[in-house]
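Single-letter residue listing:
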Amino acid sequence: MASTIPDPHPGTADAPPSDRPVRIEAHGIDHIPDADRHGKARELFFVWAAANVNYLSLVVGGALILMGLSLRQALAVLVMGNLFWVLTGFLAVSGPAAGAPSEVITRAMYGVLGNRVNNAIVGWMISVCYFALNLSAAAVAAFSLVGKCGIPTTTGVKVVVVVAIAALTLTISVYGHATIVRLYLPITAALTAAFAVSVAGHTDFDYVPAKPLTGVDLWATLIAGVTLIASGPLSYTTSADFSRYLPSTTPRKAIVGWTAIGSFLPSVVVCSLGAFAATTVDMTDPQAALEKILPGWFTPVFLLALVLGTISINALTAYSAGLALQAVGIRIRRSVSVLFDGTVAVALTLYALLVSNFLDTVSNVLQLTVVLLGPSMAIYATDILLRHNRYDGRALTDEAPGSTFWYTGGVNWAGAGALVAGVVASALCVNTLYTGPIAAALGGVDLALPVGMVVASTAYVVLMRPLGGLGTAVRA
């Protein structure tokens, strides 16, 4: 039964039954007809704002200080890295244009069959990895909360906590779009206040490391920091998933603006709080460090806030992962696909918490994913520009051989070739789990993000020219 609670967001009160709060969302990767479109672009602000008030952002902000940056340098880095949310907002304009999620729109770039491979790797695998990272972050906070309740945090208890958090996250994801919109406004307000209180009065605003970085080392660290922060917005090449219910007449500037601002502002604030805390406490163990600067009475509230915030962002991640699994070609309901994704994420989370080092895992995964995500986002944005954001949603859902986006043998080799070129170029420049030859030649400076994006975008434009820039007429 639909909720009788008044909807705080204009437009959703008249939403069709397929997209009302506290109902399991009916739509998966299918086209959203005009009759089911509703809402205003400003609703996107609340979705993205709450998703960026989370424990992982605190960890990443603190990591910038641990990397050897001064507070001022760290703040400049996190502002630069978070500017990539503008790209996330730009990709979101394709949702209302097509009435389809990103996982389907990318058929225009890679072809029907090529896009299945793209969704399996860029969509599903990356989403599940981020799901696991965020779940790990929430679990670390929850372990401490459980401990304060007098319950020993044995391995068995930890497993139960991880599963419980995952279950709550997946429940939100299964119910879908409208429930996510409904929940995120109060969560955003509560968590922002909690984070701000946690570090008030505990910041050394003149902080400079004992041995300040200089020369190549400084530039390498600054660029690595921007890459680390940018990995967040780059992971949301699926932003059209959350804008596709908006009417096709929704102004593009409003979609870009509300998505970007809703992401940028809270992300900058929360990352900054992590950096502020790191000026007075050792953020190598973020959980223990943050508790040192909290009043005793406030610690349980803060820990609970961290858990809820991470559940918020993971609801988005799990939602898109479920759509990606459908887009791979597996014929299952979105609700079932979300549960499968959660099972895999729980397994990865238990490994990250019980076997690996959490902070190292976070840093390495976030920096390494840009090798793939940077080129992927660049191609998506370039395609929107080439097509002037004109997407035929119904044609995109046609997977039959010879259909509009079948291209050659089911693959748009222009998109596939551009992605490979961008990833290879990026891999040559990376300096994280390994050092690429170009990074080595530059003294460790990691240019994987800008190089991968520029190469992928340029290659896509060049390779699409023989197809008239759109490539919709090529058949098997």
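Residues numbered from 1 in each chain as written. Predicted model: local features only at pLDDT ≥ 70, side-chain atom pairs only at ≥ 80, totals over all residues. Heavy atoms only, no water.

> Now, about the overall build of the protein chain: what can you tell me, with residues and values included?
Looking only at helices and strands, one finds 20 helices and zero strands in the protein chain. By the burial criterion, 59% of the 476 residues in the protein chain qualify as buried. Look at the contacts in the protein chain between residues 6 or more apart in sequence, and 84% of them connect residues 24 or more apart. Surface summary for the protein chain: the accessible area is close to 17800 Å², and the carbon and sulfur share equals 69%. (Helix = DSSP H or I, 4+ residues; strand = E, 2+ residues; numbered from the N terminus. Buried < 20%, exposed > 50% of the residue type's maximum accessible area, 1.4 Å probe, protein only. Contact = heavy atoms within 4.5 Å. Areas by Shrake-Rupley, 256 points an atom, 1.4 Å probe, with all protein chains shown as cover.)

> Explain the confidence of the model for the protein chain to me, using residue names and the numbers behind them.
Interpretation of this model should avoid reading the predicted coordinates in detail wherever pLDDT is low. Residues at a pLDDT of 70 or more form 83% of the protein chain, whose mean pLDDT is 82. Low pLDDT, under 50, characterises residues 1–13; the predicted model gives this stretch 29 contacts beyond four residues in sequence or across chains. Low confidence marks residues 471–476, where pLDDT is under 50. Its contacts with residues over four positions away, or in another chain, come to 16 contacts. (pLDDT = per-residue confidence, 0-100.)

> Got a sec to walk through the packing of helix α3 (residues 71–82) against helix α11 (residues 215–234)? Specific residues and values, please.
Contact pair α3 / α11: the axes reach a minimum separation of 7 Å and the direction vectors enclose 45 degrees. Of the possible angle classes, the one that applies to α3 and α11 is oblique. Between α3 and α11 lies a crossing of right-handed hand. From α3, Gln73, Val77, Leu78, Met80, Gly81 and Asn82 reach across to α11, where they touch Leu218, Leu222, Gly225, Val226, Ile229, Ala230 and Pro233. Of the residues belonging to the contact of α3 with α11, the class tally is nine nonpolar, four polar and no charged. (Axes fitted to C-alpha atoms, helices over the stretch in contact; angles between N-to-C directions. Parallel < 35°, antiparallel > 145°, perpendicular 65-115°, else oblique. Left-handed = near helix turned anticlockwise from the far one by under 90°. Nonpolar A, V, L, I, M, F, W, Y, C, P; charged D, E, K, R; others polar.)

> Now, about helix α4 (residues 85–92): what can you tell me, with residues and values included?
The complete set of buried residues in α4 reads Trp85, Thr88, Gly89, Leu91 and Ala92. Looking down the long axis of α4, one finds its buried residues gathered within 160 degrees of arc, a one-sided arrangement. (Arc of directions from axis to C-beta.)

> Describe the nonpolar core, and please don't skip the residues or the numbers.
Counting 125 residues, the largest nonpolar core has Ile105 and Leu234 as the members making the most contacts within it. In terms of residue count, helix α8 (residues 112–148) provides more of this core than any other element does, 16 residues in total. Excluding residues within four positions of it along the chain, Leu234 makes contact with Phe84, Val370, Leu373, Gly374, Met377, Leu449 and Met453. (Core = buried A, V, L, I, M, F, W, Y, C linked by side-chain atoms within 4.5 Å.)

> Could you give an account of unusual backbone geometry, with specific residues and numbers?
Backbone geometry places His388, a non-glycine residue, at a positive phi of 55 degrees. Positionally, His388 belongs in the loop between α16 (358–386) and α17 (393–396).

> I'd like a description of the packing of helix α1 (residues 43–51) against helix α12 (residues 252–278), backed by residues and values.
In helix packing, the relevant descriptors are the interaxial angle and the interaxial distance, both defined with respect to the helix axes. Close contact between α1 and α12 brings their axes to 8 Å; oriented N to C, the two are set at 25 degrees. It follows that α1 is roughly parallel to α12 by the angle criterion. When you trace α1 past α12, the crossing you get is right-handed. For the pair formed by α1 and α12, the contact residues are Leu44, Phe45, Trp48 and Ala49 on the first element and Ile255, Trp258, Thr259, Ile261, Gly262, Ser263 and Pro266 on the second. Looking at the contact of α1 with α12 residue by residue, the classes come out as eight nonpolar, three polar and no charged.

> Describe the packing of aromatic side chains, naming the residues involved and giving the relevant values.
Following the criterion strictly, the structure yields nine aromatic pairs and no others. Ring centres of Phe45 and Trp258 lie 6.0 Å apart, and the angle between their planes is 80 degrees; this geometry places the pair in the edge-to-face category. Of this pair, Phe45 sits in helix α1 while Trp258 sits in helix α12, placing them 213 residues apart in sequence. (Phe/Tyr/Trp six-rings, centres within 6.5 Å; stacked < 30°, edge-to-face > 60°.)

> Tell me about a nonpolar patch on the surface, residues and numbers included.
Nonpolar side chains collect at one region of the surface, where Val420, Val424, Leu428, Ile438 and Leu442 lie side by side and expose about 390 Å² of accessible area between them. Top contributing element to the nonpolar patch by residue count: helix α18 (residues 413–429), with three residues. Among the residues examined, Ile438 registers a relative accessible area of 36% and is labelled partly exposed. (Patch = residues over 30% accessible without salt bridge, like charges linked within 9 Å, V, L, I, M, F, W, Y side chains within 5 Å. Salt bridge = Lys/Arg side-chain N within 4 Å of Asp/Glu carboxyl O.)

> With reference to specific residues and values, describe the environment of Lys292.
Mapped onto the secondary structure, Lys292 falls in helix α13 (residues 286–292). In this structure Lys292 comes out as exposed when scored by relative accessible area, which is 67%. Distance in space between the C-alpha atoms of Lys292 and Thr280 is 9.9 Å, their sequence separation being 12 residues.

> Quick rundown of the side chain of Ser403? Include the residues and the values.
Inspection of the secondary structure assignment puts Ser403 in the loop between α17 and α18. Of the residues examined, Ser403 reaches a relative accessible area of 6% and is grouped as buried.

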